[in-house]
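Next come the chains, spelled out residue by residue.
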Amino acid sequence: MTFPILSSLVLLPILGAAVLLFMKEDEHETSLVRNIALVVSVLVFAETLLLWSRFNPASPDFQFIERYEWIPAFGISYFVGVDGISLLLLVLTGFLTPLALLGSWESVHKKTKAFCIVVLLLESAMMGVFVSLDLFLFYVFWDAMLIPMYFLIGIWGYDRRVYAAVKFLLYTLSGSVLMLLAILTLAHLHYVATGAYSFDLLRLYTLQIPGPLQFWGFLAFALAFAIKVPLFPFHTWLPDAHVEAPTAGSVILAGVLLKMGTYGLVRFAFPLFPAAAVAFAPYLGILAVIGIIYGALVAMMQPDMKKLVAYSSVSHLGFVVLGIAAMNTQGVQGAVYQMLNHGISTGGLFLIVGMLSDRRHTRLISEFGGLKKVMPHLVAVFLIVTLSSIGLPGLNGFVGEFLILLGAFRWSPQMAAFAATGVILSATYMLWMFQRVNYGPVGQKNALLTDLSPREWVVLVPIVAMAVLMGVLPNLFLRPIEPSVERLVNQVRQGAQTPVQARGPVPFPAPGVPAPIVDSVSSSPVSSGPYRLNKERIPERGARMARRDDREYREYLREEQRRQPGWPARKALLDQPIQATSLPRGLR
Amino acid sequence: MMPTLNDYLLLSAVLFTIGTAGVFVRRNLITILLSIEIMLNAVNLTFVAFGRSFGTADGQIIVFFVMTVAAAEAAVGLAIVIALFRHRESLNPDSFTSLKW
Amino acid sequence: MTLFFLFGAIAVVASLLVITQHNPMYSVLLLILSFGALSGLYVLLDAPFVAVIQIIVYAGAIMVLFLFVVMLLNAPKEDTEAARLRLVAPGAAQMGAILAVVLIGELWWALTRTGGQSGAFPAGAVTSVAAIGRSLFGDYAFSFEVTSILILVAMVGAVVLARREGKRSDGT
Amino acid sequence: MLLLIPLLPFVGFLVNAGLGRRISKGAAGAVACGAIIASFAVSVASVWQLIALSPLSRAIVQKVFEWFTSGDFSVAFTLRLDPLSALMILVVTGIGSLIHIYSTAYMHEETDAEYARYFSYLNLFAAFMLVLVLGSNFLVMFVGWEGVGLCSYLLIGFWYVKKAASDAGKKAFIVNRIGDFGFVLGVLLIIVRFGSVDFQEIARTVSTVGPETAGFGTLSLITLLLFVGATGKSAQIPLFVWLPDAMEGPTPVSALIHAATMVTAGVYMIGRNAVLFGHAPQTLTIVAIIGVATALMAGTIGLVQNDIKRVLAYSTVSQLGYMFLAMGVGAYTAGIFHLFTHAFFKALLFLGSGAVIHALSGEQDLRHMGGLKKELPITYWTFLVGAVAITGVPGLAGFFSKDEILFRTYAGGHTVLWVVGLLTSLLTAVYMFRLVFLAFHGERAQSAPHDADAAHPAPGHAAPVDVAPGHGAPTHAAGHHLHDAPPAMAVALIVLAIGSAFAGYLGLPHVLGGSNRLEQFLEPSFRVYPTEIAELRNIPVPPFQEEDDAAREALELGLMGVSSVVAIGGIGIAMFLFLKNRRAADAIASRFEGLHRLLLHKYYVDELYDAAIINPIRIVAEEGLWKGVDVRVIDGSVNGVAAVVARGSQLLRRIQTGSVRGYAVSVFLGVVTILGYYLWK
Amino acid sequence: MNLAPFIAIVPMCCVAATAIAAMIAESFREPGERMPIGPLGVIGLVGAGVASIALWNGHATSFGVVAADNFGLFVTWILIVVGLLSLAFSAPGVEREQLPQGEYYALMLFAIAGMMLMATATDLLVIFLALEVLSLAVYVLTGIRRDSPTAIEAAFKYFLLGAFSSAFFLYGIAFTYGVTGSTHLDRIGRVLAAQGGTPPPMQLLAAGLLLVGFAFKVSAVPFHMWTPDAYEGAPPAVTGFMSTGVKAAAFAAFVRVFLAAFEPLRADWSVVLWVLAVATMIVGTVVGLAQSNVKRMLAYSSIAHGGYLLVALVSANDIGKGAVLFYLLAYAVTNLGAFGVIAMLDTGNRPNDQVRDYAGLWNEQPALAALMTIFLLSLGGFPPMAGFIAKWYVFSAAIKAGYYWLAIVGVLTSVISVFFYLRLVVMMYMTAADTPARFPAVPRIAGAALVASAVIVFYLGVLPTRVLDWAAASISTIF
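Procedures and definitions
Residues numbered from 1 in each chain as written. Chains lettered and ligands numbered in written order. Predicted model: local features only at pLDDT ≥ 70, side-chain atom pairs only at ≥ 80, totals over all residues. Heavy atoms only, no water. Helix = DSSP H or I, 4+ residues; strand = E, 2+ residues; numbered from the N terminus. Buried < 20%, exposed > 50% of the residue type's maximum accessible area, 1.4 Å probe, protein only. Contact = heavy atoms within 4.5 Å. Lys, Arg positive; Asp, Glu negative; His and termini not counted. Charge placed at Lys NZ, Arg CZ, Asp CG, Glu CD. Buried area = accessible area lost by both parts, 1.4 Å probe. Salt bridge = Lys/Arg side-chain N within 4 Å of Asp/Glu carboxyl O. Nonpolar A, V, L, I, M, F, W, Y, C, P; charged D, E, K, R; others polar. Core = buried A, V, L, I, M, F, W, Y, C linked by side-chain atoms within 4.5 Å. Polar contact = N/O pair within 3.5 Å; in protein donor to acceptor, adjacent residues only side chain to side chain. Phe/Tyr/Trp six-rings, centres within 6.5 Å; stacked < 30°, edge-to-face > 60°. Lys NZ or Arg CZ within 6 Å of the ring centre and 35° of its normal. Expected span 1.5 Å × (residues − 1).

A.B. asks: Just to check I follow, could you spell out the overall build of chain D for this structure?
C.D. replies: A tally of regular secondary structure across chain D gives 27 helices and two strands. With respect to the three principal axes, the spread of C-alpha positions in chain D is 115 × 70 × 55 Å. When the 681 residues of chain D are sorted by exposure, 63% land in the buried category. Counting contacts in chain D only where the partners sit at least 6 residues apart, residues at least 24 apart contribute 81% of the total. In chain D, 44 positive and 45 negative side-chain charges are present, and the distance between their average locations comes to 8 Å.

So this is what it looks like as structure tokens:
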């Protein structure tokens, strides 16, 4: 048996936390505690790199699969694996956690041991979310992750930390519980179709879900993820959580946790409910575009740096969602790439803001000014990260944003055009903040601030290096993503095209009536029942659709100019089998 | 004409209802306990009537058990009443409201 | 039939009086009367054994216990504090009375619609104490043993709760 | 080889940025100058190599690496040298080198760290600018495009302590971003339409279809969007507002970025995509109209400005308008030619003004100058050359290029545009010589430089002080005796003056006996490369073919005469008003009080933007979206749900009164209800 | 002598015997002498555990009224766990408050015996008797701190309402007897199944009244009013005991009566239970929000948990039946753990049971705070703890039965409930204490029991397979 690398990614931080649990907490051991936590997190990062190096970037399939029966009676297994989409998110998680730890090295004074334990547990849960291929397992990690984050905000946060922590937890939880029901429904559908429960994502992908259930299922999933992303108008927990969280919390929250929402959309909501997803994509797209503009405008007026960055996340994540909603190669790939970028740049911004607030114990922009004079190095890094955040070509932000815009443009030029205003707005709010903080005369309170310490250099250099590397050599990262993204896009398109057979009210068997049992998964589809397994996986046709020739495009554009895109009404989805003709033009 | 089963059942229903009503209309713990005894007795009547209609001894035996239960409940209930009275010199149930909300 | 109505009327009236008395002492005594009437009904139902233990156990033992407690506590008459406490559960009595009316309506409705069982009693009731005894210590032996535990528990409980000298009794 | 051209300055940037605090000024300057000069040398060598190729296949392509790929879309980091970019890299590295050298002296009063920072930015700018012009596709160009915007931002805000400077930098960046918004959308549309971002491939594809004359189609939309990008970068209406403010930066920066190179990127971009734009005549018309309108508008504003750099800035805007006019009428070579000559004389003028400011310790207000001719002879004479060149006096660089544009405009049948262009030419002459006369002739104004700030009556913008407060000011204070340009500056001035005088001869038209070598050299860049379109039969005829037609020659000569007269007439007017009879100028100003104020306030465009766009956005964002929608509506409803639950909790809690009878009622109610439900059913 | 007819009652006999032994021991105890009476109970419980392991898959019955089927044995195990933990958590309180040891333990053990009987009984009369045994014992335990007015008040309220509702229950038995001629569940089931068409009103009366009796014991809304008061007034260890043991026993009998005997009438009672479940979940969570007393808060929480159990009961499919068992176990361990922590903090003269009292507990007693957090999170249904699996199981049952709204109400109320669990967490971890340390030290045995509970909570949350299989096997024997 090969080394279970994915499991070790999940377990290593837990082991680290367990070791820490048994250490005494006194002055003497505090630094040891910190160092152990750091070493563990660095080891995890090294392991993610190892994973990447062993990853076959040409394959669209899930790799490093591990599968153990867990609760066999319900078809629940410990089933993990990575594809290109999750691989890099794992690396990102591994990358940011040590930085977050280091970033809070000195600002966390109380309960250092608990802090390190919580961060490590959080890391483990995040890893778990990204590797899970079993919906049950996924949900376990998804919910489990909330708790360490809650403590992180609630214990080590700023003044209104309790409010923020509780709001974060309850808001996120209320979205995800409905997803739990949708997951259970899926498993039940699988049971109805095959006679056995299954939470196996790959099996559930092949389920044919009747229209109304697709509708509700997608809504449940999308709500959970939209809250996590957070998509406008579900975003209000984010500024509170960010502002009150300690630096490490903000970094991880912005860097990784928000990605779980978008990751969930890509991994679960869209491929599981393709027809509904395609029908809802325009609405998602509109919300995303509103989020882009709205987040930026609100960010612009924030007096608090962290809040500003928080709202900027709303804007940036709007881009990601837009790319996903577009559901074409560039859009999704850009979205995945932008997830990484946002992790780097916003993580970096929070680290920097954290350093400033450690020094001044305030995050109000108006309290700062002229920092360039006293701390040129920090300001230089700040500048680079700012530029990365506003998508300057040559740095990471640009590639993702551009691919997303390209994908979105191919889908709906209008939306792309509105989204592109984000390019202007992001420059506006970021540079305005940058100017107010760093330029101008030095105030008395800021005159004696010290520049970056060696530890802070260690924190920031990797961020800057990644920002540059990802901007200059994006293919390094895009390559492994691409096959998986292509597979996903085709899967969604294919799924959306297959007419859904069942119509009318939810054709659930009445309670107590034995469900029709189909002999087994591997057998040929049973055509008589309303549910059948879609055995044909991603035919050639989908691949062909991905590439569209010029002529088609011209027609498309001409048509686009003639009329506004009309989207199928929700009702149509409920009443009729989903036909290819009722899909948005971009995906037909 | 002999009274039918239904007559007995209706009679016991009336008694049972009187018992339940007693729980509410009186503000004396003792009377409330007595009301519960009325309810149990009403049930006993039902049991005996049913037993008679089935022609078996079951009904009567169950009544025997119910009486035991009633006795046990009465013992514990009265002990509680005594303990309560010691604390507050009152038998009004509404004077015991320190636990609420 | 006459006897049924007589006993039934006595039981009902006595029970009604029980719950309308202000003095618990009267209530207890009236309840004994009611139980006596019930005992008569049991006789009518060919259950002499039950009738007897009704008198012995219920009227004789349980009610005496009640009387004991009433006297022991020398309880004040009800409602002395009512003015103050009426606000505690406003309308509970009225509500209870209304609900009781509804309940009897429901029971009445249900019982008068019962199908085949509304007929007269069949002949051949089990009246022999021996038969009851056999049954009680045969089929119902386990239940009987359970009641012994029950009584033990009640005994222990009553002792624990009502015992006068507490280890740190300060409330009394 | 090509990669070295941008790479060398970039290395210079890295060195200065990394070691800046630890090395001396001399070393920093040497690194920077060395980098750019080396780059210049490599450029010359590359161009030499290019010229050696046959005219029809003059292109050197270097694919550096595959930048990013996604599905059917991929873009490589490819550099491409063709005649157009060759000219540009020579301008960038050549003039860039001079300005670097000039800067070593100009910035000498900065601290070591600041000095190194300045040069690192300058090198970075050069690197990005070179990427911009060498990029063979839109995205590589966009890297440079945004990069130079960034450097412009950094350099405008170089004296970051001053709020005006950092504001100006930010404004420049954001206004440029507005242009980029259009540019990006244009590029996206290009990708969708052509499936590629490569200039050559686009040109090849587009040349298979006819020009889009019928309606406003995709091509027109693409080009218009690209042009929006160009207006941002090249400061055209409506996005020109950032350029005058950009004068907050050090003067050499103004010379390099905001006169010679970066601001011409828009023009270059249109030239680069001449074939594409050629297929969108409607866009071209818009380009021409915007160009000429900008030229006129900026020229009129330039007439009344009192800040020496601002006058030059508006002059730049105006000249850029000319270039766009050229592009709009399809005279690509003429436009690029003007770009080329303009780089020389405008850099010269800026550097000259820099020398003046340097000498006056930061004084920029024209009204406080005068009579500098004697004290700063080198500066004066070189400045004069520049002024004459820009005015279009026959024989100097500006004459040839500007004349070419006007001629093409007229010959293309755009008479109205031509008239406006000519008027602008007159204005150019007037405001340039107003500048010359006010600054160098006459008597020095009384107010001493040190209280210059206080004395500034200029409305709107208090003329900024060039040198950062805190250092530098005292060195040349109380100008009893002013130093002329130090050697490093003088060298740059002189070389540029020579360039301004003679650069025009590269494009000497046939009528004047020249062979218009520059045009021949550049022409292939504006067409589809023959080697690459061998399979295409339908080669569009370039819009303007050189004809040796006698009537045409006569027309050309005639128009030359007219513009020469206008130029010299303009100088005459300036001489009358500002040298001989300043009263008359004041009289005119007070006569047309309203107009004067309008011009002085630059048509209130900034105010208009503030009132119409910026403030509404701020108010909507703060009061409407943040405090209204976000806090009240969205968060309010979230918290509202919580509050409703909490209220419900408090209410339900009250049911638990503590009375056991109440509890019994609850039980009894349950019983009765359940039984009632059963029986009712 | 053939002992075979008696083997089904061996577990409860073990417990009852130790209860009697405890009483005897107490009578020999000199005043002030410390006598290990609690461990005596442990012996009984362990014996019961061994016996029930031996009985697994044996399908033993005794007297025709007690069936040691797997279902009953599973509940018996739950009760043994409840008993062991309760004994462990009781010890400090009993010592500190100088409660009558022998009586305390005897009553607790009798109550457990009654619970076991209730879970295994297959005759309504025996169920009623068992119910009375356990109820009377628990009433007394509630009021065992006689000198505390609130304790007596709690006992009184519990007793009065309990007696009131058991009268209804008994009336229900009477009608059942009248309808079917028997009190035996098998017989009842057969009779009810034999008749078709609309059930006669008396059957509905019977079902309704029995439902009321059970609903009272599982404190379903609106029969829940006694719960907060009784839980608040009783000593914490007793509260833990009755909130888990009574509920487990009552649900076991509930399941037996309604899913076996009254199964033919399901169409009628499931609607009522649906409404009860919704009301219970909503009232339990919503009112729980406003509580400032931890015991009271957990009382509402346990009401809400009763609601989730009702969801499983309403669903009435195989998953639902298994879910009831698993949920009972998970809930029992978790809730007892939580009350155990409360019991550990009780100092006698200061109960420390206000939410406010928990401020800064993390600094004083980090281990207790951590354990409490684990229990609270498990109650809130967070993975990877027992509560999550339990809830997941329940909601699967609801989904499978098509009760989507029930599931939605369930998940949303569990979100609300998280809020009040978190209030305590906020207090423990994120609020500074008003006054410095005032918590007693944790006795070793009780501490070990707490840790053991936490371990079980995690075990059930992470590796639930075995227990889930047992639960599935349990229900397969009787339904």
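A.B. asks: Any chance you could explain the interface of chain B and chain C here in plain terms?
C.D. replies: Accessible area lost on assembly of the parts is the figure often given for the size of an interface. Taken together, the contact pairs 73 residues of chain B with 83 residues of chain C. Between chain B and chain C, roughly 7300 Å² of surface is buried when both sides are summed, and carbon and sulfur atoms account for 75% of that area. Connecting chain B to chain C are one salt bridge. A salt bridge links R52 of chain B to D46 of chain C, with the nearest nitrogen and oxygen atoms 2.7 Å apart. Listed by contribution, the elements that provide at least two residues to the side of chain B that touches chain C are α1 (5–25), α2 (29–54) and α3 (58–88) of chain B. Here the side of chain B that touches chain C is built from residues that sort into 45 nonpolar, 20 polar and eight charged.

A.B. asks: Sorry if this is basic, but what is going on with the nonpolar core here?
C.D. replies: Soluble, globular proteins show a tendency: their nonpolar side chains are buried together. L135 and F221 of chain A together with F262 of chain E are the most contacted members of the largest nonpolar core, which has 773 residues in total. At 21 residues, the largest contribution of residues to this core is made by helix α7 (residues 161–194) of chain A. A331, A334, I405 and L406 of chain D belong to the second-largest nonpolar core, a separate cluster that totals 17 residues.

A.B. asks: How do you make sense of the environment of F273 of chain A when you look at a structure like this?
C.D. replies: Residues and elements named next belong to chain A. Counting through the fold element by element, F273 comes out in the loop between α11 (247–272) and α12 (274–300). Here F273 falls in the buried class, since its relative accessible area comes to 1%. Each C-alpha atom, one on F273 and one on G291, is 24 Å from the other, the two residues being 18 residues apart in sequence. Residue contacts for F273: discarding those within four places in its chain leaves L186, I209, L213, Q214, G217, F218, F221 and F268.

A.B. asks: Quick question: what am I supposed to make of the side chain of D198 of chain D here?
C.D. replies: Residues and elements named next belong to chain D. Its location among the elements puts D198 in the loop between α6 (163–194) and α7 (199–206). The buried charged residue D198 lacks any salt bridge partner; its closest oppositely charged side chain belongs to R204, at an N-O distance of 5.4 Å. Here S136 takes part through its side chain, which lies 3.4 Å from a polar atom of the side chain of D198. The residues touching D198, leaving out its near neighbours within four places in the chain, are S136 and N137.

A.B. asks: Is there a simple way to explain the packing of aromatic side chains in this structure?
C.D. replies: Each aromatic ring pair is specified by the distance between its two centres and by the angle formed by the two planes. This model, assessed by the stated rule, comprises 115 aromatic pairs over all chains. An angle of 80° between the planes, with centres 5.8 Å apart, marks the rings of F24 of chain B and F164 of chain E as edge-to-face. On the criterion of chain membership, the pair formed by F24 of chain B in helix α1 and F164 of chain E in helix α6 (residues 149–180) is interchain, its members lying in two chains. Of the two residues examined, F24 of chain B and F164 of chain E, each falls in the buried class. Aromatic side chains F96 of chain B and F156 of chain E sit 5.7 Å apart centroid to centroid with 65° between the ring planes, which places their arrangement in the edge-to-face category. With one member in each of two chains, F96 of chain B in the segment after α3 and F156 of chain E in helix α6 form a pair that bridges those chains. Judged by relative accessible area, F96 of chain B falls into the buried class, the value being 2%. Given a relative accessible area of 1%, F156 of chain E falls into the buried group. Taken together, W70, F74, F136, Y139, Y191, Y197 and F199 of chain A together with F326, F388, W392 and Y393 of chain E form an aromatic cluster joined through their ring pairs. Taking the ring centre of F79 of chain A as reference, the NZ or CZ of R67 of chain A above it sits at 4.1 Å.

A.B. asks: Looking at this model, I keep getting lost on the pattern of salt bridges. Mind explaining?
C.D. replies: Counted by the stated rule, this structure contains 41 salt bridges over all chains. R117 of chain D is the partner of E114 of chain D in a salt bridge, and the nearest nitrogen-oxygen pair spans 2.8 Å. Within this pair, E114 of chain D and its partner R117 of chain D are both found in helix α4 (residues 112–134), separated by three residues, close to a single helical turn. We note that E114 of chain D, like R117 of chain D, is buried. Between K295 of chain E and D353 of chain E there is a salt bridge; the shortest N-O distance is 3.8 Å.

A.B. asks: Is there a simple way to explain helix α1 (residues 5–21) of chain A in this structure?
C.D. replies: Since the α-helix advances by 3.6 residues per turn, residues separated by three or four positions end up pointing in the same direction. Along its 17 residues, α1 of chain A runs 24 Å from first to last C-alpha, staying within 8% of the 24 Å computed at 1.5 Å per residue. Within α1 of chain A, the full set of buried residues consists of I5, L6, S7, S8, L9, V10, P13, G16, A17 and L20 of chain A.

A.B. asks: Please clarify how the interface of chain C and chain E should be interpreted in this entry.
C.D. replies: Each partner contributes to the interface: chain C provides 29 residues, whereas chain E provides 36 residues. When chain C packs against chain E, the two sides together hide about 2900 Å² of surface, and 76% of this comes from carbon and sulfur. The shortest N-O distance in the salt bridge between E103 of chain E and R163 of chain C comes to 3.6 Å. Counting across the interface, chain C meets chain E through two residue pairs in polar contact (both at pLDDT 80 or more). Counting only elements with at least two residues in the side of chain C that touches chain E, the list comes to α5 (92–112) and α7 (141–162) of chain C. Among the elements that take part in the side of chain C that touches chain E, α7 of chain C stands out by supplying 14 residues, more than any other.

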